[in-house]
Amino acid sequence: MQEIMKLTALQLGAAIRRGEVSPTEAVKAALERIEETAGDNAFTEITAERALERAAWAEKELAAGRLAGPLAGVPMALKDNICTRGVSTTCASRILAGFRPPYDATLVERLEGAGAVSLGKLNMDEFAMGSTSETSFLGPVRNPWDRKRVPGGSSGGAAAAVAARSSWYAIGSDTGGSISQPAAFCGVTGIKPTYGTVSRYGLIAYASSLDQMGPLARDAADCAAVLDLVMGRDPRDGTSLDVPAGGLLASLTGDVRGLRIGLPRECFGEGLDSAVRACVLAAADVLRDRGAELVPLSFPMMEYVIPTYYIIACAEASSNLSRFDGVKYGWRAEGYGDLRELYQQTRTEGFGPEVRRRILLGTFVLSSGYYDAYYLKALRAKGMIKRALDEAFCQCDVMLTPTAPAAAPRLGESLSDPLRMYLSDIDTVPVNLAGLPGLSMPCGFDETGLPVGAQLIGPPLGEKNVLNAAHAFQMETDWHTRAPAEKEVG
Ligand code: GLN
């Protein structure tokens, strides 16, 4: 691995502005590293030629003084459910094989406008449904810390690429923890911002009321720099918020004196791995020692978050995925008789078992007779969960919890028991149900040497405090600088 792969995104950006490294050199080093770590299966598509063209463009713009931002010329990669003009976008599903969108997502436009250079598209759970990145039609992603383990999901390719030092940062999407949880499993930092702050235009929908994109990177400062580029109102997304954006990187002081950090009792109870508990509580102590105040809290709605999330997410997915019918995009079955058969055969061949399960679950909870009993009830529960969290934020400024109850499971372990996999999302789904910002940062290792993540949650638009608390923690500790041993990565 070349030395520049070890830099953070901001460090590389600074080296590029000083003229010590060119974007083209950075792209070449990354492509070499991607090749070395190809066994991790983190990418669905590597766009080498395009990356080199974009790097040459960024170089010219930098030289002319038209690009000067902290991440100008820095290469990155995008989860494969983010639309990229002319570049394959599959959601890791056969049903979108061959799909090349005619447009870029707003986020892609904004990043590229600021001089970001995309290396390619990242592997994931099919349609972002999952917690392990094993359901991709291109095969499972591997965790660079232990290649027999999953990297988490659904943004597993994004987390694995950043952990293996093959991209300086990556963009993932999060519907119920798909940025935070893989960040935790792979020992990197990731944040899902407040719902509505990053445009969803061009993000292929899983559950529209919960989906949000965000960065996975080496540390909180890199995440803040990326968010500064992508947050902000977009008239093409009806749920986009009209609030001031930017200034997050500049606001990172590391000063947490007087910050009230809530510790919800329910997140530290039964079912939590003891090493995870110890690491997260130690993180709380680090922040307390820097002047934060720890506030014990209760969040009794915790027992309802999983059923509420899975009913709403599947209901929305069943509606969103009905557009994949073999007519408009991607895969089309052959040898069908009539239109009905075309739909049926295309979907049977195109969707994997987890996606089919969720479409069926969603269709069931939305069907007449069950709509009131399941879907409406889940919507009411969602409202109650949001209110309970609003109240908790009267007592604290941010909350600290484990990101997941345990470190990464072995490959294959979760596929046979979907319910167990759903239950492991307990700590992250409340964040999406209430539309809050949620960040995961590395805070130690379990006894088998796997990374453990701590989750910081803020009230709506509370990104500053969340990122600053993580930054304070990272000024004091070096968990975020640890990389998987070279021999295990290859
Ligand atoms: N693991 C959750 C699910 O399977 C979350 C996925 C996500 O955030 N995209 O639905």
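Structure: above.
Here the structure is a predicted model, which means the values were calculated and not measured.

On to the sheet that holds strand S3 (residues 117–122). In spatial order, the strands read S1-S3-S2-S4-S6-S5-S10-S11-S9-S7-S8; together these 11 strands make up an open sheet with mixed pairing. Where the open sheet ends on each side, the last strands, each with one partner, are strand S1 (43–46) and strand S8 (293–297). On average, each strand axis in the sheet is inclined to that of its neighbour by 30 degrees, with strand direction left out of account. The pairing of strand S5 (residues 189–192) with strand S6 (residues 212–217) spans two bridges and is antiparallel. Counterpart to Thr189 in the pairing with S6 is Ala217. Of the strands in this sheet, S1, strand S2 (75–79) and S3 touch helix H2 (residues 23–36), which is tilted by about 20 degrees from S3.

All right, on to the environment of Ala63 then. Tracing the backbone through its elements, the reader meets Ala63 in helix H3 (residues 48–63). A relative accessible area of 72% places Ala63 in the exposed class. Each C-alpha atom, one on Ala63 and one on Gly19, is 9.3 Å from the other, the two residues being 44 residues apart in sequence.

A word on the pattern of salt bridges. Overall, the coordinates contain 23 salt bridges when judged by the stated rule. Lys6 serves as the salt-bridge partner of Glu3, at 3.1 Å between the closest nitrogen and oxygen. When its relative accessible area of 56% is taken as the criterion, Glu3 is described as exposed. Under the relative-accessibility criterion, Lys6 is labelled partly exposed at 42%. The partner of Lys121 in a salt bridge is Asp80, with the nearest N and O atoms 3.3 Å apart. Here Lys121 is found in strand S3, whereas its partner Asp80 is found in the loop between S2 and helix H4 (106–113), with 41 residues between them in sequence. Each member of the pair Lys121 and Asp80 is classed as buried.

What follows deals with empty space enclosed by the protein. Any space left empty among the atoms is revealed by the rolling of a water-sized probe across them. Scanning the model with the defined rule gives four cavities of 30 Å³ or more in all. Each pocket or cavity is described by its volume, and for the largest cavity that value is around 80 Å³. Considering the residues around the largest cavity, the lining is formed by 14 residues, among which Gly130, Ser131, Ser178, Tyr309 and Asp425 are closest to the centre. Taken together, the residues of the lining of the second largest cavity sort by class into eight nonpolar, one polar and one charged.

With that settled, the discussion passes to the packing of helix H7 (residues 220–230) against helix H15 (residues 463–476). The interhelical angle for the contact between H7 and H15, taken along N-to-C directions, is 150 degrees, at an axis separation of 8 Å. As far as their axial angle goes, H15 and H7 are roughly antiparallel. Contacts from Ala220, Ala221, Cys223, Ala224 and Leu227 in H7 reach Leu467, Ala470, His471 and Gln474 in H15. Residue composition of the contact of H7 with H15, grouped by class: seven nonpolar, two polar and no charged.

What follows concerns the site of the ligand. Near the ligand you find 15 residues, and of these Thr175, Gly176, Ser178, Tyr206 and Tyr309 are the closest. Measuring from an oxygen atom of the ligand, one finds a backbone N or O atom of Gly130 at 2.9 Å. Within the backbone of Gly177, one N or O atom sits 3.4 Å away from an oxygen atom of the ligand. For the ligand, whose accessible area on its own is 290 Å², the fraction buried by protein is 100%. Assessed atom by atom at 2 Å from the grid points, the ligand resides in the largest cavity. Considering only residue class, the shell around the ligand consists of five nonpolar, seven polar and three charged.

Moving on: a nonpolar patch on the surface. On the surface, Phe364, Tyr370 and Tyr374 cluster together to form a nonpolar patch covering roughly 270 Å² of accessible area. Tracing the backbone shows Tyr374 in helix H12 (residues 371–395). Relative accessible area serves as the criterion here: at 34%, Tyr374 is assigned to the partly exposed category.

Bringing the packing of helix H11 (residues 353–366) against H12 into the picture now. The contact between H11 and H12 brings their axes to 7 Å, and the two run at 105 degrees. What the angle tells us is that H11 and H12 run roughly perpendicular. In this structure, H11 uses Phe364, Val365 and Leu366 to contact H12, whose residues at the interface are Tyr371, Tyr374 and Tyr375. Partitioning the contact of H11 with H12 into residue classes produces six nonpolar, no polar and no charged.

Parameters at a glance
- Residues numbered from 1 in each chain as written.
- Predicted model: local features only at pLDDT ≥ 70, side-chain atom pairs only at ≥ 80, totals over all residues.
- Heavy atoms only, no water.
- Pairing = 2+ DSSP bridges.
- Helix = DSSP H or I, 4+ residues; strand = E, 2+ residues; numbered from the N terminus.
- Axes fitted to C-alpha atoms, helices over the stretch in contact; angles between N-to-C directions.
- Contact = heavy atoms within 4.5 Å.
- Buried < 20%, exposed > 50% of the residue type's maximum accessible area, 1.4 Å probe, protein only.
- Salt bridge = Lys/Arg side-chain N within 4 Å of Asp/Glu carboxyl O.
- 1 Å grid on protein atoms, 1.4 Å probe; cavity = no way out; pocket = protein on both sides within 12 Å on 5 of 7 lines; lining within 4 Å.
- Points joined across faces, edges and corners; volume = space filled by probe spheres on them.
- Nonpolar A, V, L, I, M, F, W, Y, C, P; charged D, E, K, R; others polar.
- Parallel < 35°, antiparallel > 145°, perpendicular 65-115°, else oblique.
- Near = heavy atom within 4 Å.
- Polar contact = N/O pair within 3.5 Å; in protein donor to acceptor, adjacent residues only side chain to side chain.
- Areas by Shrake-Rupley, 256 points an atom, 1.4 Å probe, with all protein chains shown as cover.
- Sits in = over half its atoms within 2 Å of the grid points.
- Patch = residues over 30% accessible without salt bridge, like charges linked within 9 Å, V, L, I, M, F, W, Y side chains within 5 Å.

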